[in-house]
Amino acid sequence: MSNKKNIIFIYNAKGGQWNYLIDTLHKYLSPKTYECNLCQITHDLKMRKTWKDFVEKTPHQLHFLHSEELNDFGLDKYENQLPICLEKKNEGFKLIIDKKKMNNFKNEFDLINELNEIL
């Protein structure tokens, strides 16, 4: 039996190139008012190398969603709880990292360490 888990990260940001540009400017011009710490700690102008290496090397399946995709995956109830990390289990989802914990991470290393402990 495999220990491979299906992990879903949900950004408190909208997807798409236009939103990416606006979010990037917001992160740099007013970081204290930027509302997606998951974006803040894992991306600069592109995905941070340490985070990218983790994502590419983990044995788990990682999926990344944006706030406007919640409805497509039946995750509407999490709309006001972003950014978060969930584990897909059978037909449901288990909250792994809640908004409060996600927002307390100082950098991608904190997130990676937490995931290594959980997974």
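Residues numbered from 1 in each chain as written. Predicted model: local features only at pLDDT ≥ 70, side-chain atom pairs only at ≥ 80, totals over all residues. Heavy atoms only, no water.

Draft legend 1. Structural view of the packing of aromatic side chains. A complete count under the given rule lists five aromatic pairs for this structure. Centre to centre, the rings of tryptophan 51 and phenylalanine 54 are 5.5 Å apart; their planes meet at 20°, and the pair counts as stacked. On the criterion of helical spacing, the pair formed by tryptophan 51 and phenylalanine 54 is a turn pair, its members being three residues apart in helix 3 (residues 49-57). In terms of burial, tryptophan 51 and phenylalanine 54 fall into one category: buried. (Phe/Tyr/Trp six-rings, centres within 6.5 Å; stacked < 30°, edge-to-face > 60°. Helix = DSSP H or I, 4+ residues; strand = E, 2+ residues; numbered from the N terminus. Buried < 20%, exposed > 50% of the residue type's maximum accessible area, 1.4 Å probe, protein only.)

Draft legend 2. Broad picture of the pairing of strand 3 (residues 84-89). By the bridge criterion, five bridges tie strand 1 (residues 6-10) to strand 3 in an arrangement that is antiparallel. Considered in strand 3, the bridge of isoleucine 7 is made with glutamate 87. Bridging between strand 3 and strand 4 (residues 92-97) involves five bridges; their strand directions are antiparallel. Bridging across to strand 4, cysteine 85 finds its partner in isoleucine 97. (Pairing = 2+ DSSP bridges.)

Draft legend 3. Region of interest: the sheet that holds strand 4. The strand order across the open sheet formed by four strands is 2-1-3-4, and the pairing between neighbours is mixed. A single partner strand is all that each edge strand has here, and the edge strands are strand 2 (61-65) and strand 4. Geometrically, the sheet is characterised by an average inter-axis angle of 30° between neighbouring strands, direction not taken into account. Strands in contact with helix 5 (residues 108-118) are strand 1, strand 3 and strand 4; relative to strand 4, the strand with the most contacts, it is inclined by about 130°. (Axes fitted to C-alpha atoms, helices over the stretch in contact; angles between N-to-C directions. Contact = heavy atoms within 4.5 Å.)

Draft legend 4. Molecular detail of a negative patch on the surface. A grouping of Glu68, Asp72, Asp76 and Glu79 is seen on the molecular surface, where their side chains present a negatively charged patch. Of note, glutamate 79 is situated in the loop between strand 2 and strand 3. (Patch = residues over 30% accessible without salt bridge, like charges linked within 9 Å, V, L, I, M, F, W, Y side chains within 5 Å. Areas by Shrake-Rupley, 256 points an atom, 1.4 Å probe, with all protein chains shown as cover. Salt bridge = Lys/Arg side-chain N within 4 Å of Asp/Glu carboxyl O. Lys, Arg positive; Asp, Glu negative; His and termini not counted. Charge placed at Lys NZ, Arg CZ, Asp CG, Glu CD.)

Draft legend 5. How the structure looks around helix 1 (residues 17-29). End to end, helix 1 covers 18 Å across 13 residues, agreeing with the expected 18 Å (1.5 Å per residue, within 8%). Those residues of helix 1 lying buried are Asp23, Thr24 and Lys27. Relative to the axis of helix 1, the buried residues are bounded by an arc of 105° and lie together on one face. Across helix 1 from its buried face, at more than 90 degrees, point the exposed residues Trp18 and Leu29. Turning to helix 1, the residues buried within the fold contact helix 2 (37-42). (Expected span 1.5 Å × (residues − 1). Arc of directions from axis to C-beta.)

Draft legend 6. Structural detail: the nonpolar core. Phe9, Cys85, Ile97, Leu111 and Leu115 are the most contacted members of the largest nonpolar core, which totals 20 residues. Secondary structure elements with two or more residues in this core: strand 1, helix 2, helix 3, strand 4 and helix 5. If we skip the residues at most four places from it in the chain, cysteine 85 touches Ile7, Ile8, Phe9, Lys94, Leu95, Ile96, Ile97, Met102 and Leu115. Listed in part, the nine residues of the second largest apolar core include Ile8, Leu70, Leu75 and Leu86. (Core = buried A, V, L, I, M, F, W, Y, C linked by side-chain atoms within 4.5 Å.)

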